[in-house]
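Structural characterization, general
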Amino acid sequence: MKLNVDKEADALYLRLDDSPIVESKEVSPGIVLDYNESNEVVGVEMLHLSKRSSNLNLSAMQFETV
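Quick notes on the rules
- Residues numbered from 1 in each chain as written.
- Predicted model: local features only at pLDDT ≥ 70, side-chain atom pairs only at ≥ 80, totals over all residues.
- Heavy atoms only, no water.
- Pairing = 2+ DSSP bridges.
- Helix = DSSP H or I, 4+ residues; strand = E, 2+ residues; numbered from the N terminus.
- Patch = residues over 30% accessible without salt bridge, like charges linked within 9 Å, V, L, I, M, F, W, Y side chains within 5 Å.
- Areas by Shrake-Rupley, 256 points an atom, 1.4 Å probe, with all protein chains shown as cover.
- Salt bridge = Lys/Arg side-chain N within 4 Å of Asp/Glu carboxyl O.
- Buried < 20%, exposed > 50% of the residue type's maximum accessible area, 1.4 Å probe, protein only.
- Phe/Tyr/Trp six-rings, centres within 6.5 Å; stacked < 30°, edge-to-face > 60°.
- Lys NZ or Arg CZ within 6 Å of the ring centre and 35° of its normal.
- Polar contact = N/O pair within 3.5 Å; in protein donor to acceptor, adjacent residues only side chain to side chain.
- Contact = heavy atoms within 4.5 Å.

**Points about the pairing of strand E1 (residues 2-6)**
Pairing analysis gives five bridges linking E1 to strand E2 (residues 11-15), with the strands arranged antiparallel. Bridge pairing in E2 links lysine 2 to arginine 15. Linking E1 to E2, which pair antiparallel, is a turn of four residues; within it aspartate 10 sits at a positive phi near 60°.

As structure tokens, then:
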């Protein structure tokens, strides 16, 4: 799993695995899901991050596994 944050593009991309992407769908404004040939979600893109949360701090991200 890979998480990329592009401050210049104001976007976040979460890649769940390395399988080839065969289709992408915008499921909500600025939210794009990438699908593999088995129709499984393998990527999630979120655009316009700065507009989604007024408290967003990209330099202080936390990861938690439960």
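Structure's up, so let's keep going.
**Structural notes on the environment of isoleucine 21**
Along the chain, isoleucine 21 turns up in the loop between E2 and strand E3 (23-28). Taking the C-alpha atoms as reference points, isoleucine 21 and asparagine 57, separated by 36 residues in sequence, lie 30 Å from one another.

**Here's the deal with a nonpolar patch on the surface**
Side chains of Met1, Leu16 and Val41 sit close together on the surface and give an oily, nonpolar patch of about 310 Å² of accessible area. For valine 41, a relative accessible area of 34% gives the class partly exposed.

**A look at the packing of aromatic side chains**
Enumeration according to the criterion identifies zero aromatic pairs in this entry. Lying over the aromatic face of tyrosine 35, lysine 25 brings its terminal NZ or CZ to 5.4 Å of the ring centre.

**Things to note about the side chain of asparagine 36**
Within the secondary structure layout, asparagine 36 lies in the loop between strand E4 (31-35) and strand E5 (41-47). Here the side chain of asparagine 36 touches serine 38 through a polar contact of 3.0 Å, landing on its backbone nitrogen. Of the polar contacts made by the side chain of asparagine 36, one reaches the side chain of glutamate 40; its length is 2.9 Å. Excluding residues within four positions of it along the chain, asparagine 36 makes contact with Ser19, Pro20, Val22 and Val42.

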